[in-house]
Amino acid sequence: MNDTTPAKSVQKLIARLGPGFVLIVVILVAAFMVPRFFTTLNLINVLYQSSIYIVLAVGMTFVITGGGIDLSIGSQVALISVVMSGFIHAWGWPVGLAMVVAIFFGMGLGAVNGFVITGLRMPDFIVTLAAMETFRGFALVHSAGKIWFDFPSSFRYIGITRWAGLPIPTIVALILAAIGYYIYHKTHFGRYTIAVGGNRTAAIYCGIPVSRYKVFQYVLMGGLCGLAAILITSRLDSSQATMAQGYEIHTIAAVIMGGTSLFGGSGNVVGSVVGALILGIIANTMVLLGVDYFWRLVVTGLLIVLAVGLNQWRENVMREASLEAVKETAKESTS
Amino acid sequence: MNDAKKRQDEDFVLEARGITKNFGGLRALDNVDFSLRRGEVMGLVGDNGAGKSTLIKILTGVYPADAGEILLERQPVTLRSRQHAKSLGIEAVYQDLALVDTLEASANVFLGSEISNPLLGMQFLDNAKMRTEALNLLKNKLNIQLGSNRKAPVFNLSGGQKQSVAIGRAIYREHIKILVMDEPTAALGPEETEKTLHLIRTLRDHGIPVIVIAHNLEHVFAVSERITVLRRGRMVGVRSTAESSKTEILGLIIGAEEKEVVPSSGKA
Ligand SMILES: Nc1ncnc2c1ncn2[C@@H]1O[C@H](COP(=O)(O)OP(=O)(O)OP(=O)(O)O)[C@@H](O)[C@H]1O
Ligand SMILES: [Mg+2]
């Protein structure tokens, strides 16, 4: 171990901190550039704006860990939102019922993705890309250019109320992340998601019904799209078929930044939350700086590439470190 | 005394008679007989494509045979699936090990049959208990310690450690009757090979009969009691390891009496 230079130790430290390190850097940069960043009001605002992405990123962590990807989530959110708005406005359904149905509807959309992927043995990427287009199309057909707004106050309550100083969407997102963490590490579903994404053959050999678990992952993702649709619709007090565009890109970026492997088999729910916060802070800072919307897209895109690149570099450093560790233990065991 | 010896000789855990398997027009196995006694290591050798893997896949329930019968502890059985063979105590470690690289050793040992506790009507994995049991199993039965790699994903483990995790998964069930290993030493360095061979002997000493496929006759001679030789889908001989020699086995493998199979490109 005498060949370890200080530079290498710093590398390893950064690698170990991972997304946490990026979060700290982003916070410092934001605080430096915008004095207003560190006000309680603004921090809560960042959490508030990140909460939708946290909800979606938790689900996407399972999907990507399982070796899949869901490009249709933005369209799912839009479709669920307009359909739910129709229930509330046009059909006069009670808000609670509309919300429950919205979540089940999302699970149904996810099940469609899952069954097409497993039933027709088609790549996740292609199926969800097609679903992205199809679901958006259905949303446009359903709403026929209409914008729903002026929701009942009981529905808007969710988006605008604070409990213990925190907006309800933020509370929901954080509780959900904690539940997601437990499911990931402590349940058969989490374990088999890792196994299916990590080594499908091994999973089959061990008697795991791999197709069923793939469907479950997309059903979970769909249900969370339903939840996200409720939160965003209530927060904006409006709903239209063109909403939630680009959600898939942001969510996938947050998850990959957080340390989940795009190749499947390993993931990090907490990291995904951190990834969502990083993107939230970047967006917030640019708004506060008055950066033009088009430029914000450009900058966000570049930063995503940077952060994902950093994550790949991190994985390489960690792998190198673990290879060294193997050699060390091999030496130990021979001596 | 002689009688007892004879009875022991006939104490077959597994017997296969007249196994035939066709893949399309190709006869991979032709009327093959095979047997495994209690407490022995059986080496299964043969050239590439001789049918070794096909035979053990039939014996472990991966494929059905086209003809022939299989007796497990003298009872005829039809192995309906890999799962079914497992439930009868036939365990296997295939060549690619089939580990999930990103999971730790204990999670791999228990993959598909995790230990869990009920809480609020749901089942929660007991990772701590699985870890303790898996490490105990590796330590007590296989004499392998993972050291600082206990909680690390298995891609961090050495080839021999991975091998022991794969074996651990095959043997942790109490009712294991037979272990089949397809080329367990193929991907290992000399030291790890030595460990794996030792491990096979350890298993035999724990009363688990083992079928080992290997290309390296050195390894086969080091661990086996008997050797079955396949050539082009036929069983061409069973020898007691102690009474045979590498030359004899090699002769059976390449078919020494069939001179035309010996390459003579040097003269042509
Ligand atoms: N699933 C299959 N479909 C078609 N042919 C097969 C299949 N599996 C094996 N074979 C053929 O059957 C024959 C025996 O193959 P097998 O894999 O059993 O040989 P082996 O003795 O294990 O060889 P090796 O030492 O190369 O592993 C070969 O000719 C092979 O090409
Ligand atoms: Mg083979």
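Before reading further, recall that the structure is shown in the block above.
So, here is what we can say about the structure in this document. (Residues numbered from 1 in each chain as written. Chains lettered and ligands numbered in written order. Predicted model: local features only at pLDDT ≥ 70, side-chain atom pairs only at ≥ 80, totals over all residues. Heavy atoms only, no water.)

### Overview of the sheet that holds strand β11 (residues 226-231) of chain B
All names here are of chain B.
- The mixed open sheet is built from six strands, whose spatial order is β6-β9-β10-β3-β11-β12. Two strands close off the open sheet at either side, each with one partner strand: β6 (90-93) and β12 (234-240). Along the sheet, successive strands turn relative to each other by an average axial angle of 20°, direction set aside.
- Looking at chain direction, β6 and strand β9 (residues 178-182) are connected through four bridges and run parallel. Bridged to E91 within β9 is L179.
- Contacting β3 (41-46), β9 and β10 (210-213), helix α7 (residues 190-205) crosses the sheet at an angle of about 160° to β10.
- Along the sheet, helix α9 (residues 246-254) contacts β3, β11 and β12; its crossing angle with β11, the most-contacted strand, is approximately 25°. (Pairing = 2+ DSSP bridges. Helix = DSSP H or I, 4+ residues; strand = E, 2+ residues; numbered from the N terminus. Axes fitted to C-alpha atoms, helices over the stretch in contact; angles between N-to-C directions. Contact = heavy atoms within 4.5 Å.)

### Remarks on the sheet that holds strand β5 (residues 75-77) of chain B
Residue and element names in this part refer to chain B.
- Pairing is antiparallel in the open sheet, where four strands are placed in the order β2-β1-β4-β5. Looking at strand neighbours, the two that pair on one side only are β2 (26-37) and β5, the edges of this open sheet. For this sheet, the mean inter-axis angle between neighbouring strands, taken without regard to orientation, is 25°.
- As judged from the five bridges shared by strand β1 (residues 12-23) and strand β4 (residues 67-72), these two strands associate in the antiparallel manner. Residue pairing in the sheet places T20 in a bridge with A67 of β4.

### Notes on the site of ligand 1
Residues and elements named next belong to chain B.
- Neighbouring residues of ligand 1: 14 residues in total, closest G49, K52, S53, T54 and H215.
- Y63 is positioned with one of its side-chain polar atoms (N or O) 3.5 Å from a nitrogen atom of ligand 1.
- Here the shell around ligand 1 takes three residues from helix α2 (residues 52-59), the largest share from any one element.
- Classifying every residue of the shell around ligand 1 by side-chain character gives five nonpolar, six polar and three charged. (Near = heavy atom within 4 Å. Polar contact = N/O pair within 3.5 Å; in protein donor to acceptor, adjacent residues only side chain to side chain. Nonpolar A, V, L, I, M, F, W, Y, C, P; charged D, E, K, R; others polar.)

### Things to note about helix α13 (residues 269-288) of chain A
Residue and element names in this part refer to chain A.
- Taking 1.5 Å per residue, 20 residues should reach 28 Å; α13 reaches 29 Å between its end C-alpha atoms and fits that length.
- Counted residue by residue, α13 has 16 buried out of 20 residues, so it is predominantly covered.
- Put simply, N268 is the residue that caps the front of α13, since its side-chain oxygen is 3.2 Å from the backbone nitrogen of V270. (Expected span 1.5 Å × (residues − 1). Buried < 20%, exposed > 50% of the residue type's maximum accessible area, 1.4 Å probe, protein only.)

### Some points on the interface of chain A and chain B
- Listed as interface residues are 22 residues of chain A and, on the opposing side, 29 residues of chain B.
- Interface area for chain A against chain B, summed over the two sides, is near 2200 Å², with a carbon-plus-sulfur share of 59%.
- At the surface where chain A touches chain B, the tally comes to zero salt bridges.
- Linking chain A with chain B are six residue pairs in polar contact (both at pLDDT 80 or more), by the criterion used here.
- Elements represented by at least two residues in the side of chain A that touches chain B include exactly α8 (168-186), α9 (188-198), α10 (200-205) and α14 (293-334) of chain A.
- Partitioning the side of chain A that touches chain B into residue classes produces eight nonpolar, eleven polar and three charged. (Buried area = accessible area lost by both parts, 1.4 Å probe. Salt bridge = Lys/Arg side-chain N within 4 Å of Asp/Glu carboxyl O.)

### Focus: the packing of helix α6 (residues 159-171) of chain B against α7 of chain B
All names here are of chain B.
- For the pair α6 and α7, interaxial distance at closest approach is 9 Å and the crossing angle is 20°. Between α6 and α7, the interaxial angle falls into the category roughly parallel. Considering only the axes of α6 and α7, their crossing is right-handed. Here G159, G160, Q161, Q163, S164, I167 and I171 of α6 lie close against α7, whose contacting residues are E192, T196, L199 and L203. (Parallel < 35°, antiparallel > 145°, perpendicular 65-115°, else oblique. Left-handed = near helix turned anticlockwise from the far one by under 90°.)

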